[in-house]
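Next come the chains, spelled out residue by residue.
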Amino acid sequence: MKYFALAYYKFTPIEDPKIEVRKHKIFFEGRDVTTRIYLSEEGINGQMSGQMADVESYMAWMKEDPRFADMVFKIHEVPENVFPRVTVKYRPQLVALNEKADPTEGGQHVSPGEWKEMIESGEYLLLDVRNDYEWEIGHFEGATLPPLKNFREFPEYAQKLSEEVDPSKTKVMMYCTGGIRCELYSAMLKKRGFESVYQLDGGVINYGQKEGNKHWRGKLFVFDDRLAVDIDGEESEPIATCCHCKLPCDTYYNCANMDCNNLFISCPSCTEVYKGCCDHPCTEAPRLRPYERLGGNKPFRKKHLVDSQATCSECTCKI
Ligand SMILES: [Zn+2]
Ligand SMILES: [Zn+2]
């Protein structure tokens with residue numbers, strides 16, 4: 001059986017998002033799908049996986065609704081369902097931010113083809129607005145990589161950047177995983193005086209599908225069970241290193257110690273030695289998830305997606 005994943009978002013007024021949540025849940029009932037979908041008064045941010053028939057009927061069902069008729073769905077093949085369950089939730093904000101941002105005031109959308117040419121022109125500040133653990137395993141060549149731990153730190157970074165460079169003269173190309181963060185972050189930059197702000201349409205996912213890995217190095221961090229993927233389906237060289245032995249590697253794990261849950265990069269042999277833990281003290285912690293070599297990092301990554309306290313900025317999931 002082949003499985004496919006969808007990623008999509010749309011800022012559009014939704015009068016009663018809780019009704020939409022219910023409609024979604026009813027639609028998914030009895031289907032072999034997993035989802036992580038958030039609805040708010042300002043729109044929808046969704047990811048879903050399932051077999052093609054279900055994926056297609058979901059897209060068709062959404063497009064019957066005039067508010068979602070022009071929704072752009074990014075679709076790609078995955079080895080199996082990639083989310084822990086069917087999650088459809090109401091959230092007050094689509095991307096939880098401490099600062100108000102209006103996506104209609106955002107930067108200009110740039111297609112992957114134009115993006116590639118703009119990189120080659122060398123005239124732009126290429127800004128990766130993802131968190132540090134995301135760009136650590138993969139990013140565009142020459143990108144500025146702000147040391148952000150979570151999305152709440154971006155407004156402060158935007159302020160600092162506007163003081164370090166001349167915002168009226170600095171042309172900014174901004175990118176994230178699927179595009180939704182840039183919709184808001186680009187508006188934040190413009191509010192701070194940046195006049196030329198461009199955002200990669202559909203994010204790195206869309207770029208990989210249209211332009212392959214040209215100017216890209218490493219892998220793409222994704223907010224599902226896979227954690228890291230090659231953007232064009234071709235195996236890429238790791239740009240990160242094992243936190244234990246420093247050999248090239250880009251496999252993420254969540255520490256097997258449930259009370260640590262640290263996200264770290266580890267090579268297969270160190271993972272074995274440390275039994276899936278981030279550090280020696282964790283290997284002796286009281287609440288350890290059993291380490292199963294054949295299961296790879298999967299049991300831990302689910303834990304990381306489901307139980308940890310922080311919130312992921314791409315999809316507002318708990319991560
Ligand atoms: Zn190692
Ligand atoms: Zn640990």
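Residues numbered from 1 in each chain as written. Chains lettered and ligands numbered in written order. Predicted model: local features only at pLDDT ≥ 70, side-chain atom pairs only at ≥ 80, totals over all residues. Heavy atoms only, no water.

### Regarding the coordination of the zinc ion (ligand 1)
Here the zinc ion (ligand 1) is held by Cys242 (SG), Cys245 (SG), Cys267 (SG) and Cys270 (SG), and the distances to it run 2.3 Å. One can describe the site at the zinc ion (ligand 1) as tetrahedral: its four donor atoms subtend angles covering 101 to 116 degrees at the metal. All donors of the zinc ion (ligand 1) belong to a single chain; written as a sequence motif, their spacing is C-x2-C-x21-C-x2-C. Linking Cys242 in the loop between β13 (228-229) and β14 (252-254) with Cys267 in the loop between β15 (263-265) and α8 (268-273), this pair joins segments that are 25 residues apart in sequence. No difference in accessibility class separates Cys242 from Cys267, as the two residues are buried. (Donors = N, O, S within 2.8 Å, 3.2 Å for Na, K, Ca; no water. Tetrahedral: all angles 85-135°; square planar, octahedral: opposite > 155°, others 65-115°. Helix = DSSP H or I, 4+ residues; strand = E, 2+ residues; numbered from the N terminus. Buried < 20%, exposed > 50% of the residue type's maximum accessible area, 1.4 Å probe, protein only.)

### Thoughts on the nonpolar core
Judged by nonpolar contacts, the single largest core of 27 residues is most densely connected at Leu127, Val129, Phe154, Met174, Tyr185 and Leu189. When contributions to this core are tallied by element, the ones reaching two or more residues are β7 (125-128), α5 (154-164), β9 (172-175) and α6 (180-191). When residues of this core are assigned to their parent elements, the largest contribution, seven residues, is made by α6. Residues contacting Leu189, with those up to four places away along its chain left out, are Leu127, Phe154, Ala158, Leu161, Val172, Met174, Phe194 and Val197. (Core = buried A, V, L, I, M, F, W, Y, C linked by side-chain atoms within 4.5 Å. Contact = heavy atoms within 4.5 Å.)

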